[in-house]
Amino acid sequence: MKQLGVVIVAAGKGSRMRTKESKQYLQLAGKPILVHTLALFQRMEQVDTIVLVTGSEDVERCREYVERYALSKVASVVVGGKERQDSVHKGLEVLRDTVEWVMVHDGVRPFAAEEHILACWRQAMETGAAVLAVPVKDTIKVVDPEGTIVSTPDRRSLWAIQTPQAFRLSLLLQAYEQAEKEAFTGTDDAMLVERSGTSVRVVEADYYNIKITTPEDLPWAEWIIQNVRGEREA
Ligand SMILES: Nc1ccn([C@@H]2O[C@H](COP(=O)(O)OP(=O)(O)OP(=O)(O)O)[C@@H](O)[C@H]2O)c(=O)n1
Ligand SMILES: C[C@](O)(CO)[C@H](O)COP(=O)(O)O
């Protein structure tokens, strides 16, 4: 059995970006954002195989990227589902019984640092489940529907969660099956594991590992690639 598989989800519509083209296909330093993300895991010798999850209308275009950018670790391009969770589940099913460990990563997070990705996997190998995260910098309030502040959680216990998120594959599949049975939808993979009773550890990353989500993220992403991460070769 291989060691480590990566599921990269890129089947979203990118509605908050408000561009005609889905955000994962927008150009960043001359290449689609998704290609930068795939190239990051392609370069890592610890990664054995990659499953790319995309929209049904984009399968051909993704296969073409795999060829053009020599992304040889991308073994499957599969069609995702309505929610991110459905897309991840489809990717995980492709890996079932083929790898021991899995990392799930957003196709629109091209700036995860290799050292942090590896630290996340190492932590998961110790405890079963780990995610990248950064301490929040703002004061966070819980606000009711009328706009009144309900409470102010202690910032020292708040972390903004990123991807990749790393798990023993059997554990994550079990958590996904439980969530499906109970019709639970979460906003990240760790949530499903947490509610199945397993602890998930946080691994500190950096603030450059952004999820490209809204229009103001694009100039910031260009700046990061030019000044921090450097242009990456596929
Ligand atoms: N049904 C979905 C929804 C999201 N994603 C992926 O999950 C990642 C994180 O999601 P997000 O940034 O919310 O992307 P979108 O859902 O595309 O954005 P929006 O919510 O603005 O429509 C993205 O790489 C996105 O393509 C997916 O594979 N399948
Ligand atoms: C998984 C995630 O990227 C962690 O920050 C995030 O929760 C995805 O959320 P979205 O609702 O798909 O933006």
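What counts and how
Residues numbered from 1 in each chain as written. Chains lettered and ligands numbered in written order. Predicted model: local features only at pLDDT ≥ 70, side-chain atom pairs only at ≥ 80, totals over all residues. Heavy atoms only, no water. UniProt positions renumbered as here; feature names shortened; annotations may be inferred. Patch = residues over 30% accessible without salt bridge, like charges linked within 9 Å, V, L, I, M, F, W, Y side chains within 5 Å. Areas by Shrake-Rupley, 256 points an atom, 1.4 Å probe, with all protein chains shown as cover. Salt bridge = Lys/Arg side-chain N within 4 Å of Asp/Glu carboxyl O. Helix = DSSP H or I, 4+ residues; strand = E, 2+ residues; numbered from the N terminus. Buried < 20%, exposed > 50% of the residue type's maximum accessible area, 1.4 Å probe, protein only. Near = heavy atom within 4 Å. Polar contact = N/O pair within 3.5 Å; in protein donor to acceptor, adjacent residues only side chain to side chain. 1 Å grid on protein atoms, 1.4 Å probe; cavity = no way out; pocket = protein on both sides within 12 Å on 5 of 7 lines; lining within 4 Å. Sits in = over half its atoms within 2 Å of the grid points. Nonpolar A, V, L, I, M, F, W, Y, C, P; charged D, E, K, R; others polar. Points joined across faces, edges and corners; volume = space filled by probe spheres on them. Expected span 1.5 Å × (residues − 1). Contact = heavy atoms within 4.5 Å.

- If you look the protein chain up in an unreviewed UniProt entry, it shows as 2-C-methyl-D-erythritol 4-phosphate cytidylyltransferase from Paenibacillus rigui.
- Reading the Sequence similarities (unreviewed entry) entry of the UniProt record for the protein chain gives the comment "Belongs to the IspD/TarI cytidylyltransferase family. IspD subfamily."
- You can read under Function (unreviewed entry) in the UniProt record for the protein chain the words "Catalyzes the formation of 4-diphosphocytidyl-2-C-methyl-D-erythritol from CTP and 2-C-methyl-D-erythritol 4-phosphate (MEP)."

Some thoughts on a nonpolar patch on the surface
Thinking step 1. A cluster of nonpolar side chains, contributed by Trp-159, Ile-161 and Val-202, occupies part of the molecular surface with about 230 Å² of accessible area.
Thinking step 2. Looking at the secondary structure, you find Ile-161 in strand E10 (residues 159-168).

Brief notes about the pattern of salt bridges
Oppositely charged side chains can form a pair if their charged atoms are brought close together.
Thinking step 1. Under the counting rule described, the total for this entry stands at 15 salt bridges.
Thinking step 2. A salt bridge links Asp-189 to Arg-84; its shortest N-O distance comes to 3.2 Å. Separated by 105 residues along the polypeptide, Asp-189 in helix H6 (residues 189-195) and Arg-84 in helix H3 (residues 84-95) bring together distant segments of the chain.
Thinking step 3. Exposure remark for Asp-189: the relative accessible area of 0% places this residue in the buried category.
Thinking step 4. Here Arg-96 makes a salt bridge to Glu-177, at a shortest N to O gap of 2.6 Å. Here Glu-177 lies in helix H5 (residues 169-181) and Arg-96 lies in the loop between H3 and strand E6 (99-106), a separation of 81 residues in the sequence.
Thinking step 5. Since its relative accessible area comes to 33%, Glu-177 is described here as partly exposed.
Thinking step 6. The structure contains a network of salt bridges with shared partners spanning Arg-84, Asp-106, Arg-109 and Asp-189.

A look at the site of ligand 2
Thinking step 1. If you check the shell around ligand 2, you find Arg-16, Arg-84, Asp-106, Arg-109, Ile-161, Thr-163, Thr-187, Asp-188 and Lys-211 and nothing else.
Thinking step 2. One nitrogen or oxygen atom from the side chain of Asp-106 is found 2.6 Å from an oxygen atom belonging to ligand 2.
Thinking step 3. At a separation of 2.8 Å, an oxygen atom of ligand 2 approaches a polar backbone atom of Thr-187.
Thinking step 4. Surface burial for ligand 2 is 74%, taken as the share of its 360 Å² of free accessible area covered by protein chains.
Thinking step 5. Counting atoms within 2 Å of the grid points, the majority share of ligand 2 lands in the largest pocket.
Thinking step 6. Residues belonging to the shell around ligand 2 are distributed by class as follows: one nonpolar, two polar and six charged.

Focus on empty space enclosed by the protein
Take a probe with the size of a water molecule and roll it over the atoms, and the empty space left behind shows itself.
Thinking step 1. Scanning the entire structure with this criterion turns up one cavity of 30 Å³ or more.
Thinking step 2. Considering only enclosed or pocket space, the largest cavity measures out at about 30 Å³ in volume.
Thinking step 3. Lining the largest cavity are Arg-84, Gln-85, Tyr-176, Gly-186, Thr-187, Asp-188 and Asp-189.
Thinking step 4. A per-class count over the lining of the largest cavity returns one nonpolar, three polar and three charged.

Side note on helix H7 (residues 217-229)
Thinking step 1. An ideal rise of 1.5 Å per residue puts 18 Å on 13 residues; H7 reaches only 16 Å between its terminal C-alpha atoms.
Thinking step 2. Restricting attention to buried positions, one finds in H7 the residues Asp-217, Ala-221, Ile-224, Ile-225 and Arg-229.
Thinking step 3. Those residues of H7 that are buried are in contact with strand E2 (27-28) and helix H1 (33-42).
Thinking step 4. Just past H7, the residue Gly-230 takes up positive phi, approximately 75°.

Considerations on the UniProt feature "site: Positions MEP for the nucleophilic attack" (unreviewed entry) in the protein chain
Thinking step 1. In the numbering adopted here, UniProt assigns the feature "site: Positions MEP for the nucleophilic attack" (unreviewed entry) to Arg-155 and Lys-211. Residues from the annotated list that form part of the lining of the largest pocket: Lys-211.
Thinking step 2. Summarising the element assignment, Arg-155 is placed in the loop between strand E9 (149-151) and E10.
Thinking step 3. Take Arg-155: its relative accessible area is 39%, and that puts it in the partly exposed class.
Thinking step 4. What Arg-155 contacts, discounting residues up to four positions off in sequence, is Val-136, Lys-137, Asp-138 and Thr-139.
Thinking step 5. Here Lys-137 takes part through its backbone oxygen, which lies 3.1 Å from a polar atom of the side chain of Arg-155.
Thinking step 6. Within the secondary structure, Lys-211 sits in the loop between strand E11 (201-204) and H7.
Thinking step 7. Those residues in contact with Lys-211 that lie beyond four places of it in its chain are Arg-16, Asp-106, Val-108, Arg-109 and Asp-217.

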